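# Examining the three-dimensional arrangement
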Amino acid sequence: MEAVKNLKVRDVKKKNVLILITFSISLLSGFILTLSQNDVARSLLYGSELVFLIGAYFLIHSLFKKEQLFPFIVIAAVYIFSIGSIFIFGGGITTTLIFFFLLILATVHMYRTVFWIGFILGGVGLYLNTYHSTVDTMILQENFASILLLYVLTGVLANVLIYLSSKQFDHIENLLIESENEAIRKESEQQRLEASVSQMIERISSINERVQENVHSQGEISTALTEVASGSAVQSERISGISQYSQDTNVQMGRMLEQTKLLKDEFENSTEVAASGNNQSATLSSNMEKLHSHIEELSDAFRSLTNKINETNTFSQDIINVSEQTNLLALNASIEAARAGDAGKGFSVVADEIRKLAETTNMTAEKITTNLREVNKTNEFALEKMNVNSKMVNENLEKAGQVNDDFTELANYLRSLNEQFSTFEQLAETVKENSTSVEESTSELASIIEEASASIEEVSATVENLNRQNKKIADEMKGTESVAVSLTATTND
């Protein structure tokens, strides 16, 4: 509606200017013509009419700002001046032509009201000019009917033009209204589209941030898995070394058993001690089976390995102590055999063999201790990477306490060798069985670690694949966000 209103105002302003220029030119021409003919009265009339016309225009245009009033004032003023000139200057054919000219000017604005005012005043002016003029009276009266008919036909033609112009302007007005309504509707749709695109951009940005966070987190997980896999590989190598050392120990213990079997007949109470050792071995085996069930998970395996290594350190020290005591006992036996003379020669040979076996056992135990220290260093590094499994490891420590008690009991049996040497064979058998169990456990643990390492590598590969997929998603989300932003920019343009 605002556009239609502005269009009407501009149209009226243009037509007002057109009328002002047309009338000004006409009046200025009449003023110059009459002035050149020394007709001062007519010159004054035309000049005053021109001044009035220009003054009325600037008052209405600048002061009152009522452009629609100017056509009415102009038509009324010029017709009054024209009719007044009939009584002042006598009229004539020229005045008749002026009324036809005024009728055409009354049609310029295409206002029916202005036209009918001009048409009626023009008809009155023609009548007065015909019957009250003092110039060309006979010609005007004889042709009054023709002049009036021509005037009416001109008015009809002008009225038709006004009608057509009114219809055309109504059509233009409807088009402008429809265009304005369409512009409003499109602007509303554009605002809704911009709001929807803005929401979409916000959601895409939020999703993109989450995807970037997931990519970063998965990268950290992949790095952690790589470190754990590296630690597992090192542990597997160390455990393989322990298994090899356990095999060597088992061989040495077998040799020691072969030597102690020579003393079996000299110790009648060894059977009872061996039976007790068997019971302890069965108990230890049962505990080791329970321990095996608890080390199925990788964290439990590392903690259990730590406990076993610590216990093996104690056990190695006990073996060293026992070997030293055995060496001392063999020395005492050699002394006693020397005192016994020929009757103690056989016992002296056995004592020498026991001393050699004790020395070999001592060297082997020292090697085991050295290797276990290296394994302890490596295992401590692995345990630092597996802090998350501390709970399960603590549970296995409780399980390992039972094994520690068994080894403590075994140490007690070994220390009692000073008093009852006949129990040495059974204790040595127990040590051999325990070494075998350790070997089997380390082999199983190495297998578990290898499987865990393979699983970690698979998980790492899966995480890397997921990371690549998330990166692709992030790139696609960025592209979508760019498209949405460019769409918003296009709609704003």
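For the structure given in this document, a descriptive report is provided here.

## Comments concerning the overall build of the chain
Of regular secondary structure, the chain possesses 12 helices and zero strands. Split into buried and exposed, the 493 residues of the chain put 39% on the buried side. Taken as a whole, the chain presents about 27800 Å² of accessible surface, with 58% of it coming from carbon and sulfur.

## Looking at the nonpolar core
Judged by nonpolar contacts, the single largest core of 32 residues is most densely connected at Phe23, Leu53, Val74, Tyr79, Phe99, Leu102 and Tyr151. Of all the secondary-structure elements, those providing two or more residues to this core are helix H1 (2-36), helix H2 (40-64), helix H3 (69-89), helix H4 (93-106), helix H5 (112-132) and helix H7 (144-260). Of the residues forming this core, the biggest block, seven residues, is contributed by H3. With near-sequence residues (within four places) excluded, Phe23 lies in contact with Leu53, Val74, Val78, Phe101, Leu102 and Leu105.

## Some details on H3
With 21 residues, H3 extends 30 Å from end C-alpha to end C-alpha; this agrees with the ideal 30 Å at 1.5 Å per step. Positive backbone phi, approximately 95 degrees, marks Gly90, located one or two places after H3.

## Looking at a nonpolar patch on the surface
The grouping of Leu148, Val152, Val156, Val160, Tyr163 and Leu164 at the surface amounts to a nonpolar patch, some 480 Å² of accessible area in total. Structurally, Leu164 is set in helix H7.

## Section: the packing of aromatic side chains
Here the structure, examined in full by the defined rule, presents 12 aromatic pairs. Aromatic side chains Tyr79 and Phe99 sit 6.1 Å apart centroid to centroid with 20 degrees between the ring planes, which places their arrangement in the stacked category. Placement of the pair is Tyr79 in helix H3 and Phe99 in helix H4, with a sequence separation of 20 residues. Of the two residues examined, Tyr79 and Phe99, each falls in the buried class.

## Some thoughts on the environment of Ala330
As for its placement among the helices and strands, Ala330 is situated in helix H9 (residues 298-340). Through-space distance from the C-alpha of Ala330 to that of Arg355 is 5.6 Å; in sequence the pair is 25 residues apart. Setting aside its immediate chain neighbours within four residues, Ala330 contacts Ala351, Ile354 and Arg355.

## Digging into the pattern of salt bridges
Enumeration over the complete set of coordinates arrives at two salt bridges. Across the pair Glu182 and Arg185 runs a salt bridge whose closest N-O atoms are separated by 2.1 Å. With Glu182 and Arg185 both in helix H7, this residue pair falls three residues apart, about one helical turn. Here Glu189 makes a salt bridge to Arg185, at a shortest N to O gap of 2.5 Å. Placement of both Glu189 and Arg185 in helix H7 is noted, with a separation of four residues, approximately one turn of the helix. Overall, Arg185 belongs to the partly exposed group, its relative accessible area being 38%. Where salt bridges share partners, they join Glu182, Arg185 and Glu189 into one cluster.

## Here's the deal with the packing of H2 against H3
With their axes 10 Å apart at the nearest point, H2 and H3 run at an angle of 170 degrees to one another. With respect to their mutual orientation, H2 and H3 come out roughly antiparallel. Judged by residue contacts, Ala41, Arg42, Leu45, Ser48, Glu49, Phe52, Leu53, Ala56, Tyr57 and Ile60 of H2 engage Leu69, Phe70, Ile73, Val74, Ala77, Val78, Phe81, Ser85 and Phe89 from H3.

## Observations concerning the packing of H3 against H4
Helix packing geometry: the angle between the two helix axes and the distance between the axes. In the contact formed by H3 and H4, the axes pass within 11 Å of each other and the chain directions differ by 175 degrees. Taken together, the axis directions place H3 and H4 in an arrangement best described as roughly antiparallel. Between H3 and H4, the contacting residues are Ile75, Val78, Tyr79, Ser82, Ile83 and Ile86 on the first element and Thr95, Ile98, Phe99, Leu102, Leu103 and Ala106 on the second. Here the residues of the contact of H3 with H4 are counted per class, giving 10 nonpolar, two polar and no charged.

## Description of unusual backbone geometry
Residue Asn38 is not a glycine yet carries a positive backbone phi of 60 degrees. Counting through the fold element by element, Asn38 comes out in the loop between H1 and H2.

## Some words on the environment of Glu296
Within the secondary structure, Glu296 is located in the loop between helix H8 (270-294) and H9. Overall, the relative accessible area of 62% leaves Glu296 in the exposed class. Between the C-alpha atom of Glu296 and that of Glu444, which follows or precedes it by 148 residues, the distance is 9.9 Å.

## Description of the side chain of Thr96
When you line up the elements, Thr96 lands in helix H4. Leaving out residues up to four positions away in the same chain, Thr96 has contacts with Leu126, Asn129, Leu140 and Ile147.

About the criteria used
Residues numbered from 1 in each chain as written. Predicted model: local features only at pLDDT ≥ 70, side-chain atom pairs only at ≥ 80, totals over all residues. Heavy atoms only, no water. Helix = DSSP H or I, 4+ residues; strand = E, 2+ residues; numbered from the N terminus. Buried < 20%, exposed > 50% of the residue type's maximum accessible area, 1.4 Å probe, protein only. Areas by Shrake-Rupley, 256 points an atom, 1.4 Å probe, with all protein chains shown as cover. Core = buried A, V, L, I, M, F, W, Y, C linked by side-chain atoms within 4.5 Å. Contact = heavy atoms within 4.5 Å. Expected span 1.5 Å × (residues − 1). Patch = residues over 30% accessible without salt bridge, like charges linked within 9 Å, V, L, I, M, F, W, Y side chains within 5 Å. Salt bridge = Lys/Arg side-chain N within 4 Å of Asp/Glu carboxyl O. Phe/Tyr/Trp six-rings, centres within 6.5 Å; stacked < 30°, edge-to-face > 60°. Axes fitted to C-alpha atoms, helices over the stretch in contact; angles between N-to-C directions. Parallel < 35°, antiparallel > 145°, perpendicular 65-115°, else oblique. Nonpolar A, V, L, I, M, F, W, Y, C, P; charged D, E, K, R; others polar.

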